[in-house]
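Secondary and tertiary structure notes
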Amino acid sequence: MAEMNELQTLRHSASHVMAQAVKRLFPEVKLAIGPAIDTGFYYDFDSEHTFTTEDLEKIEAEMKKIAKENLKIERFELPREEALELMKDEPYKIELINDLPEGETISFYKQGEFTDLCAGPHVNYTSKVKAYKLLSATGAYWRGDEKNKMLQRIYATAFLTKDELEADLLMREEAKKRDHNKLGRELELFTTSDVIGQGLPILLPKGARIIQLLQRFVEDEEQKRGWQLTKTPLMAKSDLYKISGHWDHYQDGMFVLGDEEKDKEVFALRPMTCPFQYQAYLNRGRSYRDLPMRLNETSTLFRNEASGEMHGLIRVRQFTISEGHLMCTPEQLEDEFKGCLELAIYMLKTLGLYEDVSYRFSQWDPDNREKYIGTTEQWDEAQGIMEKILNHLEIPYKVGIGEAAFYGPKLDIQIKNVFGKEDTLITIQIDQMLAQQFGMEYVDKDGNKKNPYIIHRTSIGCYERTLALLIEKYAGKFPVWLAPVQIKLLPIADRHLDYIYEVKKELEKNGIIRVEVDDRSEKIGYKIREAQLEKVPYMLVVGDKDIENNTVSVRDRRDGDLGSMALSDFIAKVTEEIENKVIK
RNA sequence: GCUGGUGUGGCUCAGUCGGUAGAGCAGCUGAUUCGUAAUCAGCAGAUCGCGUGUUCAAGUCACGUCACCAGCUCCA
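From a predicted model like this one, the values you see are computed outputs, not experimental measurements. (Residues numbered from 1 in each chain as written. Chains lettered and ligands numbered in written order. Predicted model: local features only at pLDDT ≥ 70, side-chain atom pairs only at ≥ 80, totals over all residues. Heavy atoms only, no water.)

Comments concerning the overall build of chain A
To keep things clear, this is the line we draw: Under the DSSP-based scheme used, a helix requires at least four consecutive residues in state H or I and a strand at least two consecutive residues in state E, with every element numbered from the N terminus. Per-residue accessibility, obtained with a 1.4 Å probe over protein chains only, is compared with the maximum for each type, and a residue is labelled buried under 20%, exposed over 50%, and partly exposed between these values. His is not counted, nor are the chain ends; Lys and Arg add positive charge and Asp and Glu add negative charge. Where a charge lies is defined by one atom per residue type, namely NZ (Lys), CZ (Arg), CG (Asp) and CD (Glu).
Across its full length, chain A carries 18 helices and 28 strands. Seen through its principal axes, chain A has C-alpha atoms that stretch 90 × 75 × 50 Å. Looking at chain A as a whole, 50% of its 584 residues qualify as buried. When the 81 basic and 101 acidic side-chain charges of chain A are each reduced to a single mean position, those positions are 3 Å apart.

What follows is the structure, given as structure tokens:
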């Protein structure tokens, strides 16, 4: 904690001031913990009373008073027994003290009548806490464990200056305007239906178009890089999942069709593609000459997520992923892993998301063995190999304990949504367990049968989730190559319609096919406004002068009026942007 | 699954103390053909998410349920 920076220290102190205010207003509340986080701070309380928006305002007002009182924030230390005595009315603090290892310093911070168990550091006076805002009250499990009691968490933020606070609050507002879940519905990319069900979005023509474009791009690029496409069934008998381990380790996440007690055969929709593509490998005997074998598939998966988990297009129950499994020898593993990573990075750069991601090396949790198959030795080996590769490739990762798949470690490429919540966009995994389970082998140079290593990977992630992040990244203003409508043609008067349709034909002849004509007899300013709301990249306005001079007047959704230009020049410009997948 | 919030025409919202739904935009029809962020007029569109209950009477109250939103947990 000694490395805590100035801002984190302030936020931590702000959380104490908030807890003090809550204690003054609601004396019966029990304190849990209140750390500083990336975006501000929070404090968890155990309270019978649930905090409302009005309560937050009252708490904020009380915090103001505490700052005004300018209480000195003082540190002191106590031996264990005295510490327990001091906190005797705070059961969560007692638990924390009891969990501190023998010999650890037990320190407290005191400001006025309020004292909290805390390692510090803190600012010296409560008056330093002046630029803050309480954001929301929500539930959170004690110690992040769903078996524990749910406490009430108040999220807030604080800054060193009021200007920084204002800027941050404004940024939060702006970010919410890019929320894919709102924007994606407004732009008619997707919708949901009460009678279809939770986590099952309907992709409308424009959303489906974008996904189609992404999918074509991905499949072509994968083919260029030596991947072979498979099409495997969307469901299988329980037998398959029993071999893979899904039946034992993932059954809660599967949609099972039938009842094991009553039915002769029980099927399940697939939650992952792995065991299906393995059957393709198992089609005949394999030799080292067949390796590496790279199988890709545009794969629709079904996962029975808990009801509270669904979120727009980011977390759904049915989704389609750019899936792939690569079988290789130990010698090939590093190069092939690198190839998978390069493909993922190429995708991210093409989409313009490369600067927004971070890497997580997801490892198993040896203290939670029932979540995983395999032995400690196998896990140590697989993780050791991945660590070596990651270090070799100089990937700047952070470690996630307990984040591994049940069959192996992962390199997860993480991205944050507009609310700051992090999700996995792309994952590359090393698996040395399932080949054994499925009896996948190859005959090596020495004539011996061996199990291949398997890399599970995705190149662009799940199309729905990737689309969601793209909506947020571009606030709906997709690059021209991805835009569901690339060009809107706007005649100023009806007499310009014939020319407009000629322009359309000419564009289509040149491969620019996502073109729409607004042929309504409306004022031109009105049509432009509507096209802008649709976030169409280009508008071509045509009037008498354009027909006379054989030009089009071009409006760019970002840059505004580009003036009139020859149609051929415009076509060349747009063609270049589409072919090079230009982001602007 | 857990905590809290929200469901009124396609969208944004109004609807007083329970008395049987209202506007703007979008849509449709007609007029307008007008050079850059909303042309004019008219029409149509809602068993108030769904169900049960209380009541003479429910969009308003109660219970249940479904969906949506934020957070927790879980996860691509």
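Now that the structure has been shown, we can carry on.
A word on the protein's contact with RNA strand B
Put simply, the test is: If even one non-hydrogen atom of a residue comes within 4 Å of a molecule or strand, that residue is called near it. Under the rule applied, a polar contact is a pair of N or O atoms within 3.5 Å (in protein, one hydrogen donor and one hydrogen acceptor; residues adjacent in sequence only if both atoms are side-chain atoms). Amino acids outside the nonpolar list (Ala, Val, Leu, Ile, Met, Phe, Trp, Tyr, Cys, Pro) and the charged list (Asp, Glu, Lys, Arg) are all regarded as polar, and Gly is one of them.
Close contacts around RNA strand B come from 55 residues, with Tyr-141, Asn-181, Gln-198, Ser-307 and Thr-424 the closest. When the atoms of RNA strand B within 4 Å of the protein are sorted by group, sugar and phosphate make up 50%. Tyr-141 is positioned such that a nitrogen or oxygen atom in its side chain is 2.3 Å from a base nitrogen of RNA strand B. A distance of 3.0 Å separates a base oxygen of RNA strand B from a polar side-chain atom of Glu-522. Those elements that place two or more of their residues in the surface near RNA strand B are β7 (131-141), β8 (150-159), α6 (180-186), β20 (422-431), α16 (524-533), α17 (544-549) and β27 (551-556). Broken down by element, the surface near RNA strand B gets its largest block of residues, six residues, from α16. Here the residues of the surface near RNA strand B sort into 15 nonpolar, 18 polar and 22 charged.

Details of the sheet that holds strand β28 (residues 560-566)
So the rule is basically this: Two strands are counted as paired when DSSP detects at least two bridges linking them. Convention adopted: a line fitted to C-alpha atoms gives each axis, helices being fitted over their contacting stretch, and angles between N-to-C directions are expressed from 0 to 180 degrees. By the convention used here, residues are in contact when the closest approach between their heavy atoms is within 4.5 Å.
Taken together, the five strands give an open sheet; going across it, the order is β25-β24-β26-β27-β28, and neighbouring strands pair in mixed fashion. The open sheet has two edge strands, β25 (515-517) and β28, and neither has a second partner. The average angle at which neighbouring strand axes cross in this sheet is 25°, direction not considered. Across four bridges, the pairing between strand β26 (residues 538-542) and β27 is antiparallel. Directly across from Leu-540, in β27, lies its bridge partner Val-554. Relative to the sheet, α16 contacts β24 (487-491), β26 and β27, its axis offset from that of β24 by approximately 170°. Contacts from helix α18 (residues 567-579) reach β24, β26, β27 and β28, with the element oriented near 120° to β28.

Some words on the sheet that holds strand β14 (residues 267-269)
Spatial ordering of the open sheet is given by β12-β14-β13, a layout of three strands whose pairing is antiparallel. With one partner strand each, in any of the chains shown, β12 (235-237) and β13 (256-257) form the two edges of the open sheet. The pairing of β13 with β14 spans two bridges and is classified as antiparallel. Note on β14: the bridge partner recorded for Val-256 is Ala-268.

As for helix α12 (residues 376-392)
The criterion, for reference: One less than the number of residues in a helix, times 1.5 Å, gives the span that helix is expected to have. Arc, as used here, means the arc of the directions from the helix axis to the C-beta atoms.
When the terminal C-alpha atoms of α12 are compared, their 24 Å separation across 17 residues agrees well with the 24 Å that a helix rising 1.5 Å per residue should span. Within α12 the residues assigned to the buried category are Gln-378, Trp-379, Ala-382, Gln-383, Met-386, Ile-389 and Leu-390. An end-on view of α12 places all buried positions within 120° of arc, on one side of the element. Residues of α12 that are exposed and angled more than 90 degrees away from the buried face: Glu-377, Lys-388 and His-392. Once α12 finishes, Glu-394 follows within two positions and takes phi at roughly 55°, a positive value.

Some words on unusual backbone geometry
In the segment running from Leu-291 into Pro-292, the intervening peptide bond is cis, with an omega of -5°. Here Pro-292 lies in the loop between α10 (274-281) and β15 (293-302). Within the chain, Lys-535 stands out as a residue other than glycine whose phi angle is a positive 60°. Assignment of secondary structure puts Lys-535 in the loop between α16 and β26. Located in the positive-phi region is Lys-581, a residue other than glycine, with phi close to 50°. Within the secondary structure layout, Lys-581 lies in the segment after α18. Overall, Lys-581 belongs to the partly exposed group, its relative accessible area being 23%.

Focus on the nonpolar core
Here is the rule we go by: What is meant by a nonpolar core is a set of buried Ala, Val, Leu, Ile, Met, Phe, Trp, Tyr and Cys residues, joined one to another through side-chain atoms within 4.5 Å.
Residues Leu-507 and Phe-570 are the most contacted members of the largest nonpolar core, which totals 76 residues. With ten residues, helix α11 (residues 333-351) is the single largest residue contributor to this core. Residues Tyr-241, Met-272, Cys-274 and Leu-291 belong to the second largest nonpolar core, which totals 32 residues.

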